[in-house]
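Here's the letter readout for the chains.
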Amino acid sequence: MTTLTLDVFRTLLANGHGRAVLYLETHDPAPFREAILHACLNDLRYDRQTENSRAPYLYALIQLSGDFAGLRDCILAALADPGEGESERQLYDLAYEFARRGDAGARAALYAAFDRNSGSDEPLPADSLALLDGPAALSFAAERLLPDEDGEEDWELVSALDGLMERDGVAETRVALETLQSPSVNRLLAFVDREAAERAARPEGPAPRRPALPYSEMRRRILAGDRSRTYPIAMTRWGQRANDVDLLLAANDALAETDPVRRRAFLGVFQQRAWPIDPQPLIALADDPDERVARLARVALGYVAHPSVRGWALEVACDLEMRSFAVGALSTNREPDDDALVASWLEDPPADRTALHCLTWSAIDYAKAHPGPGVNRVLRAVYEHVPCSQCRGRALDELSKCGPLPESIVAEIRHDADRLAY
C-alpha cells in the first residue's frame, strides 16, 4: 500500500474509510496516534441520523494504535466529563466496546454516564446496558427513565426493550424480567405484554394504497392554504401518479402563482416528473428570491430534456453549491464527455462537506441512470472522496453491477466505519 501522509490519514478517518485500518496493520502507528485519539473524542460522522455508530471501527483502530491502554484511559476520562460537545454518545458507544470484552472499568463508566444523563432531554441509550446485562440493566434504566405525563414510556427504554425482545424473544424476555426484584418490573412486564399483543394483531403485508385525489381537489386545497396533503413531498408522491393533463395544469398553475408557499406546492409535483411546457420560465424560477422555490425548480430541471436546460447546467456548475443540480440536469441531457466531467468534479471535491454530499447523491443517481463502464470512474470517485458510508455503499452497489469489485476495495469495506452500508 502506498505510504499515507498524516493529512491523507486524517481524511480517511473523517470519512470512516476502511483503508485507514488496513494501513495500520502493516505500518508504524505511532505517527497517527493523535489523529486516532481525535477521531475517538470527536464524532466525525457526516450524517448522524443515517450513519451507524463508528465505535466498532474506532475500536479496531485503537487495537492497532500501539497505545491501547492510553487511548482507552483518555476515552473513559472524556466520558466522565464530556463537556458541551456532541461526542458523548460516541464516547459511550466506545465504552460499550471495551465493556463487552470484559473491561470492568468501562462497564462502570457506562453505567455512571447513563445515570448522569437519565434526567436530561437526550438520555443515553439503554440498549447498550441491556445487551451487556439483560433485564437487570433494563430495570436499572427503568428506575431512571420515568414515563411522561401521558404515561408513555421513554423512547430509549422502549428501544432497549425492543432490542432485547428481538434478540432473546418476547416470552424469554418476560420470563427473565419476572425473576427480578425491582419496583420497575411491573412497568416493564406491561410493556412486553402490550408489545406481544400488538405484534399478534399486526396485519401482514403492506397497507392498501389510498387513491390519489383528482387535481381539481388538490388545487382547491393548495389555494385554500390546506397543507395537510399539499406540502411539496406529498405533492411529489401525488405527481408520480398524475396523468399528462394534470401535469400540464400543475405547471401552468406553478407559473401563474405568486405566493411562495402555494408555488412550492405546485412545483412539488415535478420533483420526479418531467416539466411538460417550455422550460425557460422554470429556469428563471431556479433563481427565485424564495430559496425553497428556487431549490424545487432546480430539482425539477433535472427531469427536463432540453438544450436550454443543458446550457443552464453547464453555466451553474461553476458554483460548487450548484453542481449537484447541474449533475441532475446533465443526466437527462447527457452527452459523451459528461461522464468524465462529473468524475472530475468528484476527484477535486469541494471542501464543504455538505456540498460534496449533495454532489455525491446526484452523481450516484447519474450513474444509476446510465449503467455501464462509462460511469465506473464516477462511482470510484464517490468511493474515494465521499464523507458518508451510506453513499459509499450505494456507489459500490452500482459499481458491482459492472463486474466483481477489486479485491483491494473488498478488503477495505470489511473495515469500513459502517459495514451495514455495504
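The following refers to the structure shown.

Rules behind the numbers
Residues numbered from 1 in each chain as written. Predicted model: local features only at pLDDT ≥ 70, side-chain atom pairs only at ≥ 80, totals over all residues. Heavy atoms only, no water. Helix = DSSP H or I, 4+ residues; strand = E, 2+ residues; numbered from the N terminus. Buried < 20%, exposed > 50% of the residue type's maximum accessible area, 1.4 Å probe, protein only. Contact = heavy atoms within 4.5 Å. Axes fitted to C-alpha atoms, helices over the stretch in contact; angles between N-to-C directions. Parallel < 35°, antiparallel > 145°, perpendicular 65-115°, else oblique. Left-handed = near helix turned anticlockwise from the far one by under 90°. Nonpolar A, V, L, I, M, F, W, Y, C, P; charged D, E, K, R; others polar. Phe/Tyr/Trp six-rings, centres within 6.5 Å; stacked < 30°, edge-to-face > 60°. Lys NZ or Arg CZ within 6 Å of the ring centre and 35° of its normal. Salt bridge = Lys/Arg side-chain N within 4 Å of Asp/Glu carboxyl O. Polar contact = N/O pair within 3.5 Å; in protein donor to acceptor, adjacent residues only side chain to side chain.

1. So, the overall build of the chain
From N to C terminus, the chain includes 25 helices and zero strands. Its C-alpha atoms give the chain principal-axis dimensions of roughly 70 × 60 × 40 Å. Every one of the 422 residues in the chain was classed for burial, and the buried ones make up 49%. Of all intrachain contacts in the chain linking residues separated by at least 6 positions in sequence, the fraction that spans at least 24 positions is 66%.

2. Structural notes on the environment of glycine 70
Within the secondary structure, glycine 70 is located in helix 5 (residues 68-80). On a C-alpha basis, the gap between glycine 70 and leucine 37 in space is 9.6 Å, while along the polypeptide they are 33 residues apart.

3. With respect to the packing of helix 21 (residues 338-347) against helix 22 (residues 353-369)
Relative orientation of the contacting elements helix 21 and helix 22 amounts to 155°, with a least axis distance of 10 Å. By the angle class used here, helix 21 and helix 22 are roughly antiparallel. Classified by chirality, the crossing of helix 22 by helix 21 is left-handed. Each of Asp338, Asp339, Val342, Trp345 and Leu346 in helix 21 lies in contact with helix 22, whose residues at this interface are Leu356, Leu359, Thr360, Ala363 and Tyr366. Among the residues making up the contact of helix 21 with helix 22, the classes are represented as seven nonpolar, one polar and two charged.

4. Some details on the packing of aromatic side chains
Summed over all chains, the structure comprises nine aromatic pairs. With 5.2 Å between their ring centres and 70° between their planes, tyrosine 59 and phenylalanine 98 make a pair best called edge-to-face. With a gap of 39 residues between them, tyrosine 59 in helix 4 (residues 55-63) and phenylalanine 98 in helix 6 (residues 88-99) connect regions that are remote in the sequence. With respect to burial, tyrosine 59 and phenylalanine 98 carry one shared label: buried. A centroid spacing of 4.9 Å and a plane angle of 75° characterise the contact between tyrosine 111 and phenylalanine 140, whose relative ring orientation is edge-to-face. One end of the pair, tyrosine 111, is in helix 7 (residues 104-117); the other, phenylalanine 140, is in helix 9 (residues 135-142), with 29 residues separating them in the sequence. The class of phenylalanine 140 is buried, set by a relative accessible area of 18%. Each member of the aromatic cluster is reached from another via a ring pair, and the members are Phe9, Tyr23 and Phe32. Here the basic side chain of arginine 101 rests over the ring of tyrosine 59, its NZ or CZ set 3.9 Å away from the ring centre. A cation over an aromatic ring shows up here: arginine 144 above the ring of phenylalanine 140, its NZ or CZ 3.6 Å from the ring centre.

5. Concerning the pattern of salt bridges
With the rule as written, the count across this model stands at 34 salt bridges. In this structure, the salt-bridge partner of arginine 174 is glutamate 178, at a minimum N-O distance of 2.3 Å. Of this pair, arginine 174 and glutamate 178 both sit in helix 11 (residues 170-178), four residues apart, which is roughly one turn of the helix. Overall, arginine 174 belongs to the partly exposed group, its relative accessible area being 24%. As a salt-bridge pair, arginine 377 and glutamate 347 come within 2.8 Å of each other at their nearest N and O atoms.

6. Structural notes on the packing of helix 9 against helix 10 (residues 155-168)
Geometrically, a packed helix pair is captured by the angle between its two axes and the distance between the axes. Closest axis-to-axis distance for the helix 9/helix 10 pair is 10 Å, and the angle between their directions is 170°. Relative to helix 10, helix 9 is oriented roughly antiparallel. The residues of helix 10 that touch helix 9, namely those facing Pro135, Leu138, Ala141 and Ala142, are Leu157, Ala160, Leu161 and Leu164. For the contact of helix 9 with helix 10, the class distribution of residues is eight nonpolar, no polar and no charged.

7. As for helix 18 (residues 291-301)
The α-helix advances 3.6 residues per turn, and as a result positions three or four apart in sequence lie on the same side. Among the residues making up helix 18, those that are buried are Val293, Ala294, Leu296, Ala297, Arg298, Ala300 and Leu301. Residues of helix 18 that are buried make contact with helix 14 (232-240), helix 16 (260-268), helix 17 (280-285), helix 19 (307-316) and helix 20 (323-332). With a side-chain oxygen positioned 3.1 Å from the backbone nitrogen of arginine 292, the residue opening helix 18 is aspartate 290.

8. Considering the side chain of serine 362
Assignment of secondary structure puts serine 362 in helix 22. By relative accessible area, serine 362 is classed as buried at 16%. Setting aside chain neighbours within four positions, we find serine 362 in contact with Ser324 and Val327.

9. So, the environment of arginine 33
Relative to the helices and strands, arginine 33 resides in helix 3 (residues 33-41). A sequence separation of 385 residues divides arginine 33 from aspartate 418, and the C-alpha atoms of the two residues are 22 Å apart. With near-sequence residues (within four places) excluded, arginine 33 lies in contact with Asp67, Gly70, Leu71 and Cys74. Within the structure, arginine 33 has its side chain in polar contact with the side chain of aspartate 67 (distance 2.8 Å).

10. Focus: the environment of isoleucine 283
One can find isoleucine 283 in helix 17. Considering only alpha carbons, one finds isoleucine 283 and serine 118, 165 residues apart in sequence, at a separation of 52 Å. Not counting chain neighbours up to four residues away, the residues in contact with isoleucine 283 comprise Leu301, Ser308, Val309 and Trp312.

11. Some remarks on helix 16
All of the buried residues in helix 16 are Arg263, Arg264, Ala265, Phe266, Leu267 and Gly268. Buried positions along helix 16 lie against helix 13 (215-223), helix 14, helix 15 (244-256), helix 17 and helix 18. Between the side-chain oxygen at the start of helix 16 and the backbone nitrogen of valine 261 there is a gap of 3.2 Å, and the oxygen is on aspartate 259.

Interpretation note: all reported values are geometric properties and have no functional meaning in isolation.
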